[in-house]
Amino acid sequence: MKHALDRDHIEEFFAQSDVKVYFVSFLDGLQRVAMFTQDLWLANLAQEAGELEQADQELNLKIHDMGFSLVNNELCLELAYMGITRSGDCNEASVLWLKTITFPKPFIEVSLMNKIHEHSNLVQIKYFKVLIQEMNLKVDQGFLSQLLAMFASDILALRDQEPTLFQTDVDSTKLSLKEVAGVSIQAQRVSFYDYFHISPIKIHVSFSLQGGSMKDTPQAHIMGVFLQSVGVVLTDVQDVVFKLGYFERNYTFYNNTQLTNEFVRHYSGQAVKQMYVLVLGLDVLGNPFGLLRGLSEGIEDLFYEPYQGAIQGPGEFAEGLALGVRSLFGHAVGGAAGAVSRITGTLGKGLAALTLDDDYQKKRREQLNKRPATASEGFARGGKGLVMGVFDGVTGIVRKPVEGAKQEGVTGFFKGVGKGLVGVVTRPTSGVVDFASSTLEGVRRITDFTDEIHRLRPARRFNKDGIVRPYILEEAEGFNLLRETDKGQYVDTDEYVAHFKVKEDGKTVFIITDKRILLAKRGELFGTWDSEWMFTYQELKGEPKITNKGLEITLKTEKKKMFGSNVTKKDLHTDLKVAQLILSKIQEVMAMERVESGV
């Protein structure tokens, strides 16, 4: 007989030709007992004492939706909103996206069954299993920088705590050996794991340079050095697939520290083995890994979809064939266009860096990272970028020296001259490259039949007092509109009050702040929000009036328009109920303004 003494087990063998002996292995505290007996009842009792024991507590926890908001209250900034919802929805933060792939399985499943021994403090984990579904993870540099800054240690605060920490260390030297040993034993309490398993993990990772540099804190600087070492500082990483093998341990004693070390060692090794995927996923190379993976998926669909349809019938076979051809065409043409688009995009980043203008580079990144709603909108933005690149390059010869002189005097003037001369060449060239990149990206979007990732919700809105209040969707949407209208011209000077959709399509919105009212429209071509007209409360001649068409706004004096005749009033055409709500909110703001001014 041969048996490993690491698990509960029962066997039988013949010690002599007519003597049957039962061998039982079972756990008793931290020691394993091997019992030999001829009594079958006693052997079964020892083996089945734990197996047949009825569970005295069972807990089933099912969470349909869960959200986690990470807020830096000192900066009044919501760093991220991470939501775990039913598959098919997207979970996005202002700077981080997480999307489950499979449907309709839960994103994560956890199963646990443990046994507490009657005469021992040992916890025996009979069964522990974690199943994590395939997911998309998109992170940008700004998020990492803000996250590191939020959790960075404050050097001044640490120095203030030094006396207290020193006194704590002194007090620990006065403890008896028994007290120290007791604390150590408690911290290192072991558990026995019969079955501990974490499923393989498959993550689609993307990294973007949007959000600034990694130089604000020492921790951010270290992260920047790491990213630079793998080439990410030069380019973005798009949709690289990390496959991490399963983690499993059986019939072993571990304390918390040992199990954590095993866990970290396993996944660190797995991550190192996957570093080639990160290199081949760099945009400067056109993401060849993603291109080959896309082609393999297209070829697989070309054969798999018709086969699945043929099982059901002739009509389904034809439909499956069409789906397979469409998938192959989309992955082949779209993948090639996307690869070239990424290479030209990286070239555009290099040219933008040569302008030596941080503001220009920041605005360029923000524009490129605003995903267009349609392919035509993407083409239009590319054309606009080309025109503005030429315009900024020509006007920068005069504008940059003036701006530099205002900021830094004579030194700034000469710096501006240098930036202006360099920008004459680099900005138009960067615009041409970005236009080519946007056009190719539009081609990729046309051939891409996958679902687009969208926000779960707009970023949290903060009042001027900085107090973190419960999230209100309507306020967050309105504040986000105010931030996007006219490139955020009024977001720093005004306090958002309310907004109302003037038309049902949601492309025309009336915004009310503590200083002005404005009508914002979303452009069909570029997808940007611009104000059609705007008036401060000082320009209004009393409160607006309800009319049959909606709302009538009268001005104290004529307001000159850049094109067309002067205006003394504006008619807001909307539903009567909406007009009454707008009037009520304007009356509240004007009444508050009179109270504050003492009128």
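Structure first, text after, so check above.
What you see is a predicted model, and the numbers here were worked out from it, not measured in a lab. (Residues numbered from 1 in each chain as written. Predicted model: local features only at pLDDT ≥ 70, side-chain atom pairs only at ≥ 80, totals over all residues. Heavy atoms only, no water.)

Undergrad: Which parts of the structure should I look at to understand the overall build of the protein chain?
TA: Helix and strand counts for the protein chain come out as 14 helices and 21 strands. For the protein chain, the share of sequence-separated contacts (at least 6 apart) that also reach a separation of at least 24 residues comes to 57%. When the accessible surface of the protein chain is summed, it comes to about 36200 Å², and 59% of that surface belongs to carbon and sulfur atoms. (Helix = DSSP H or I, 4+ residues; strand = E, 2+ residues; numbered from the N terminus. Contact = heavy atoms within 4.5 Å. Areas by Shrake-Rupley, 256 points an atom, 1.4 Å probe, with all protein chains shown as cover.)

Undergrad: Could you clarify how one ought to interpret the sheet that holds strand β8 (residues 108-116) in this entry?
TA: Strand-to-strand pairing in sheets goes through backbone hydrogen bonds, with the strands running parallel or antiparallel. Read from one edge to the other, the open sheet built from four strands follows the order β8-β9-β11-β14, with strand pairing classed as mixed. Of all the strands in the sheet, just β8 and β14 (247-255) have a single pairing partner and so form its edges. The average angle at which neighbouring strand axes cross in this sheet is 10°, direction not considered. Here strand β11 (residues 190-198) pairs with β14 via eight bridges, running antiparallel. Paired with F192 across the bridge in β14 is F253. (Pairing = 2+ DSSP bridges. Axes fitted to C-alpha atoms, helices over the stretch in contact; angles between N-to-C directions.)

Undergrad: Sorry if this is basic, but what is going on with the environment of K400 here?
TA: Along the chain, K400 falls in helix α11 (residues 375-408). Counting along the chain gives 21 residues from K400 to L421, while the straight-line C-alpha distance between them is 9.3 Å. In this structure, K400 is in contact with D357, G416, K419, G420 and R427, ignoring residues within four places of it in sequence.

Undergrad: Explain the side chain of H204 here, please?
TA: Topologically, H204 is positioned in strand β12 (residues 201-208). We classify H204 as buried; its relative accessible area is 9%. (Buried < 20%, exposed > 50% of the residue type's maximum accessible area, 1.4 Å probe, protein only.)

Undergrad: Quick question: what am I supposed to make of the nonpolar core here?
TA: Soluble globular proteins: nonpolar side chains tend toward being buried together. Residues F510, I512, I517 and I582 are the most contacted members of the largest nonpolar core, which totals 22 residues. Looking at this core, the elements with two or more residues in it are β15 (496-501), β16 (508-513), β17 (516-522), β18 (529-536), β20 (550-559) and α14 (576-597). (Core = buried A, V, L, I, M, F, W, Y, C linked by side-chain atoms within 4.5 Å.)

The analysis is restricted to geometry; functional conclusions fall outside its scope.
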